[in-house]
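# Close look at the chain arrangement
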Amino acid sequence: MSSHDVRDMLDLPGTAGPRPAKKQKIAAPKSTLKGLAREVQSLAGDNPISIVPEISSFKKRRLASRKPAARWVLKPFKNPARGDDLVLAHWRRKAEAPPAPVGEDGNSEQVEAQPEPEIENSTFAKFNVKVDIPEYTDLQYSLKLEGEGWTKDETDYLMGLVKDFDLRWPLIWDRYDYEPLASGENGDSLVSVTQPRSMEDLKVRYYFIADQMLQLHTPLKDMRKTEHDLHEIFEKFDPNQEALRKKFAETALNRTKEEAREEESLLLELKRILARSEKLSEERKELYARLEAPPSNGNIGIYTSSQGLQQLLQQLMTLNNSKKRRSLMGAENMSPASGPSGLQQQGSFDRRDSTMRESISGPSGPSRKGTLQGPPERRELTKEEEKMYGVSQPTEKLSGPSFRADRLNKPITNKSATMQAKITNVLGELGVPSRLIMPTAAVGQEWESLLGNIQKLLELKKNAEKLDGEIAIAMTLKAEREKRERAARGEPDPEDDDHDVKRESDREKSVSRSVRGGSVSRSARGGSTRKRSASVLSAMSDKSTKRQKK
Amino acid sequence: MAAQPMTSSMQPTDVYGGDEVSAIILDPGYSSVRAGFAGEDTPKSFVNSHYGVSSSGGSYVFGDDTIHNPLANLDIRNPMSKEGVVEDWDAATKLWEYAITSRLTSFKQADPRTNGLNDDMKDADIEMEGVEEGEKPLEEHPLLMTETAWNNPKLREKSIEVAMESWGCPAFWLARNSVLASFGAGKATALVVDVGASTTSVICIHDGLILKKSVQKSPLAGNWLSSQLRSLFSTTDPKVELVPHFMIASKTPVDAGASAQATYRKFEDTPSASFRALEEERVLTEFKESVVQVWQDHRGLKAGTEYARQQPGRVFEMPDGSNQLWGVERYNVAEGMWDSSSALPVPNESAPSKGQTIPEMVKASLAGVDIDIRAHVLQNIVVTGGGTLVSGFTDRLHNELTAMYPGARIKIQAAGLTAERRFGSWIGGSILGSLGTFHQMWISKKEYEEFGTSIIEKRCK
C-alpha cells in the first residue's frame, strides 16, 4: 500500500508534488546500506530496511577498552564456623588501592611483603547452622526421662546420632548401631545390629525426650504458640500408625504390574467420577444461581447429598411446570433476545465465570461446553423495566432484512411523489422536520401517529375536493336547467354572473376546509336531475360520514 | 554474545556459592587415578593405576608413558585390591603423589624475580634445590580424597595419615565416591549405580551421606567383563587369539574369519606375564567400547535370542589383523550383569550369584533404606563409572527397574558425556571442594594433630 492509497482513502488531496522528492530521500540511505545482498534489500520495497548491519570493528573496541590487567591476590581467610583457626587462601581481586609505583622493584616488593594486618572472615560461615538438640543432665534423666527398654547410655548414643545427622531420620536409623558393651569395632559390623530398633522406636524415644525437656524448660501453660505446636507434634506421634503407613507404602511400592495397572485404571475412574461430580456441582451452582436473583454464590453444600439433590429436583420440576404454563399463556414471558443493558454487569460476570471454568477443566472442556453454554441466565423484565430500558419484543416478523432507519422514512417514501410532496408540505406547515433528529422509541411512536393523522387528513381533503367538484357540476347543471326553464317561461336571467362568482367562492371555501352546511342546501336544491342524483347522494353520504368522524 | 565475562565484583557468590581455595581432588580407582583442582570440569591428571616395577632395581614407574614399554623386567602391579580399596599403601602413596605432582603441583611457579632461575649465582641455585627437596607436595592445597563406601576404618585412618604426614596438606577430607557421583549429577539424595573396573556398587545416598545398610557391591564390573570376553574368545569355534599390540611387528589385512597373517615381534627377554595382561586388557577395553552391547529388554537375552540374531553385527579387528563379525555373542558378554544364569563360565572363578546382578543389587539396596525415601531415590538414579558406558546399559537398567517397580516413577540420571560418566565422582568432588560452605568441613592439620587419625571416623561419616 503506498501513501497515495492512504491519501485516497482519507480523502486528502493527492499531493503529487513532494512524492518524487521523498523517493529520492529514501533512495539516498539505501545506497549506503552495505553488507546486505541486493535481493534482501529489494525485499523491503519502498520502505527503508530495518535491519541495520552491525558494524564489526573488533580491533578498535579492544584497543579502546584496554585497561591494565586486573591484579589478583591470594588472600588468606578463616572461617569462624570452624573450631580451629584454619587459614585457607583464595584468589581475590586486589582492592582498588593507589597503584603501587611500577618500575622500581624494591618498592613494589615492599608493598607485597607487608604482612596482612588481619585475616578476613569467610562469608559462608553464616551457613553453618546446627539443629538444636535437647540436652539433659543425669539428674534430669533419672527424674523424667527414664523409658522402658532404654538405658541412659543408649539414649545418649541416640541423641549423639540425632545431633550428628541433624535429625535426618533415614540416616539416623541407617547408622544406628548401638553396642551395649561399647566394643568400639564397628567397621566390620555394618549390618550386624545387636538390638534392631525401628525408626519409629527411635523417633518415639527422641520425641519423648524432646517433649519432656521442652516441658521442663517451659511449663505447658507458659508455652508460646510455636512451642505449643511443637509439643503437640511430639505428643501426637503415633508409632503404630506410622508403622502401618510405612507398611502400606511398602506394599504400594512392591505392587506387581497388574496391580499397578489396575490401580491406575481405578485412579482414572476416580478422576472421571470426581470430574463428573465437579461438573454436576457446577451445574447445580448454576441452577441455584438461576433460581435466585440476584445470583448468590451461596453454599451448595445442602445439595451435595442425595437427599438434598432429590429435594432440588422436585423444586426444579415444579418450577419448570409453572414456567411452561406461563409461556403457553402469553408471549410476554419470552426472554429477550439481546442482553439487557442493565444486566450487562451480571452477564459479563457469568461469562467470565464460565470461561474460567472451562480453562480449568482442561481436556474435558468441549464436552462440557455444550451443557454450560445452554440458555444463559436471564432475568425476566417487568413491563415497567422494559419501558425503562427501552426493551421491545417485536412480535410481527419483518420480511427480510432492513435498516431500522428505513422504518422512520418508510411511511413517507413508499407513497407516490405527489403524496410525498403533500406530506412534506403539511409537515412544513406544522414546523416538524421531515427527518427526525432524535428518533427515540417514544419519538418514533409519535412520529408514526403524526404521519398516520396526516395521511388521514390528506385523504379527507381529497374526498372533500371531489365532492366539491361534483357539487359544482350539479349546480351548473341546475343553473342551466333553470335558465332553460326560465327561457321557456320567458323570464330573464338575473343571476347569471352571480352564479359563477358563487361557484368560485365555494371552491375556495372547500379548499380552506370550511365546508359549511351550504352543500346540504345545494344538494337539496339539485335533486332534480335523475341521472346524477345517485352519485350526488353517495357523495352526500360520504360527507356525512366524514363529518361524523370529525 | 550475552556471555560476557563477569568481573569478580559481579560474580554472584551468594548464589553460586563457590569459593575456591585451590583444593586438590584425588579420586583413586582400580583402573585409574584422577586428580585435579577443585572447580574444574575434568581432572587435569589422569594416571593409570597400574604401575611398573623393575624387578632388578625395584624402582617404580608410573603413568601411561612408561608402563606400556615392553621391557624385559618390568612387572606391572596395581596398588588397589579387587574390591577397589588400597592394598599396597607404599605404592599407592607414590602413585598418587605422581598423579598430583606430575601435572598439578610439581612445578611451582614462583615469582621469577625471586625463584633464582634468572640469577647467575651457582650457590643460590643449589640452595633452592635443597629447599625443594624438603618441601612437601601439597603444602598449599587442601586435599579432598575419595574412597569407596566399604572402605576399612584403618585404611581411612591411613589415608589421612598419608595426606597429613607425608604430603603436608593444610586440610583434608575423605568423601565417598558414590556421594560425590550423586553430587556430580546434581543430587543430594540418589541411588548411585557405579560400575567401575573392579566393582559394581549400588548405594543409596540421603542428603549427601551414604546409607550404610544400602551398600551393595559385586565384582561384576569392567574387569569381570574382560574375563567374560576371554572366555568368549576361547570358546568361539575358531579360537580367537588375543595378541596385544606390542607383540605385532607388522600385519596384512585378511578377510573376515580368516586366520591372522602377521609377523610377531621377538623379544630376547619376553616381557612379564603381568605386562602382557595389562596390554591384553587394553585390547579388551577397546573391544568392550566398540563391540559389546547390553541387550535392552528386561526379559533378558534368552527370551530374545532370535530377535538378537537379526540385529546387525559389529566387526572388530584384532591387533594381529584377524577380524570377525560379532553377532549375538556380543550381547552375551554383558548379559551376566543382569542375569547371572547367562554368565559365561570363567575357569578358576565361581559363577556369579543371583544377588550380584545389578537388578538384584538395586532391590537389595532399596530394601535397606527407609520406605519413605525409596520412591524418592528411584526418581534419582545416578549412573556413573566407565563400565556403564557399555552400549545399552542405561536402557536395560531402566527397563529392568520399570519392570521391577511398575508403581514407582523411575528416572535415571546418566551423564551424556563420556568424560562426565567416567569422572563422575571426581566431578562431584570438584564441585564439593569449590563450595564456600565446604570450608568449615575440612579436617585441618591442627585438628589432626590434636585428635590423631581417629578424627577421620568422627568427621567423615
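Residues numbered from 1 in each chain as written. Chains lettered and ligands numbered in written order. Predicted model: local features only at pLDDT ≥ 70, side-chain atom pairs only at ≥ 80, totals over all residues. Heavy atoms only, no water.

Per an unreviewed UniProt entry, chain B goes by Actin-related 4 and derives from Hyphodiscus hymeniophilus. UniProt lists a comment for chain B under the heading Sequence similarities (unreviewed entry), and it reads "Belongs to the actin family." (UniProt positions renumbered as here; feature names shortened; annotations may be inferred.)

In the nomenclature of an unreviewed UniProt entry, chain A corresponds to SWR1-complex protein 4 from the organism Hyphodiscus hymeniophilus. UniProt, in the comment section headed Subcellular location (unreviewed entry), describes chain A in these words: "Nucleus". As recorded by UniProt, the Sequence similarities (unreviewed entry) comment attached to chain A reads in full: "Belongs to the SWC4 family."

Next up on the list: the sheet that holds strand S2 (residues 87–93) of chain A. Strand pairing within a sheet occurs via backbone hydrogen bonds; the two strands may be parallel or antiparallel. Residue and element names in this part refer to chain A. Pairing is mixed across the open sheet formed by three strands, whose spatial order is S2-S1-S3. Each of the sheet's edge strands pairs with one partner strand only, and the pair in question is S2 and strand S3 (120–121). Sheet analysis places strand S1 (residues 72–78) next to S3, joined by two bridges and oriented parallel. Looking at the pairing, Lys 78 lines up with Asn 121 of S3. (Pairing = 2+ DSSP bridges. Helix = DSSP H or I, 4+ residues; strand = E, 2+ residues; numbered from the N terminus.)

On to unusual backbone geometry, then. Residue and element names in this part refer to chain B. Positive phi, close to 55 degrees, is recorded for Asp 207, a residue that is not glycine. Inspection of the secondary structure puts Asp 207 in the loop between strand S10 (200–206) and strand S11 (209–210). Positive phi, normally seen in glycine, also occurs at Asn 348, with a value near 65 degrees. Tracing the chain through its elements places Asn 348 in the loop between helix H10 (329–335) and helix H11 (358–367).

Evaluated as defined, the whole model comprises 26 aromatic pairs over all chains. Centre to centre, the rings of Phe 287 of chain B and Phe 316 of chain B are 4.8 Å apart; their planes meet at 75 degrees, and the pair counts as edge-to-face. In this pair, Phe 287 of chain B sits in helix H8 (residues 273–290) while Phe 316 of chain B sits in strand S15 (residues 314–317), placing the two residues 29 residues apart along the sequence. For the pair Phe 287 of chain B and Phe 316 of chain B, one class covers both residues: buried. The lysine or arginine in question, Lys 213 of chain B, covers the ring of Trp 173 of chain A, its NZ or CZ lying 4.3 Å from the ring centre. (Phe/Tyr/Trp six-rings, centres within 6.5 Å; stacked < 30°, edge-to-face > 60°. Buried < 20%, exposed > 50% of the residue type's maximum accessible area, 1.4 Å probe, protein only. Lys NZ or Arg CZ within 6 Å of the ring centre and 35° of its normal.)

Our focus in this paragraph is helix H7 (residues 222–235) of chain B. Residue and element names in this part refer to chain B. Here H7 contains 14 residues, and its C-alpha end-to-end distance of 20 Å stays within 8% of the 20 Å for a straight helix at 1.5 Å per residue. Burial analysis of H7 places ten of its 14 residues in the buried class, which makes it a mostly covered element. Within H7 the residues assigned to the buried category are Gly 222, Trp 224, Leu 225, Ser 226, Ser 227, Gln 228, Leu 229, Ser 231, Leu 232 and Phe 233. Summarising the contacts, the buried residues of H7 are in contact with H8, strand S16 (323–326) and H10. (Expected span 1.5 Å × (residues − 1). Contact = heavy atoms within 4.5 Å.)

Residues and elements named next belong to chain B. Pairing is mixed across the open sheet formed by six strands, whose spatial order is S3-S2-S1-S7-S8-S19. Lying at the two open borders of the sheet, with one neighbouring strand each, are strand S3 (45–48) and strand S19 (443–444). In the sheet, strand S8 (residues 171–176) pairs with S19 via two bridges, with the strands oriented antiparallel. Across the sheet, the residue bridging to Ala 171 is Ser 444, located in S19. Strand contacts of helix H5 (residues 153–166): strand S7 (143–147), S8 and S19, with the helix running at about 150 degrees to S8, the strand carrying the most contacts. The strands that helix H6 (residues 177–184) touches are strand S1 (24–28), S7 and S8; relative to S8, the one it contacts most, it runs at about 85 degrees. (Axes fitted to C-alpha atoms, helices over the stretch in contact; angles between N-to-C directions.)

Every contact between the two is made by 45 residues of chain A and, on the other side, 45 residues of chain B. For the pair chain A and chain B, the summed buried area comes to about 3900 Å², and 59% of that belongs to carbon and sulfur atoms. Seen at the junction of chain A and chain B, the total is nine salt bridges. Linking Lys 461 of chain B and Asp 164 of chain A is a salt bridge whose minimum nitrogen-to-oxygen distance equals 3.1 Å. Put simply, the parts of the chain that give the side of chain A that touches chain B at least two residues each are S1, S2, helix H5 (105–113), helix H8 (169–175), helix H11 (239–253) and helix H12 (257–291) of chain A. Tallying contributions element by element places S2 of chain A first for the side of chain A that touches chain B, with six residues. Classifying every residue of the side of chain A that touches chain B gives 21 nonpolar, seven polar and 17 charged. (Buried area = accessible area lost by both parts, 1.4 Å probe. Salt bridge = Lys/Arg side-chain N within 4 Å of Asp/Glu carboxyl O. Nonpolar A, V, L, I, M, F, W, Y, C, P; charged D, E, K, R; others polar.)

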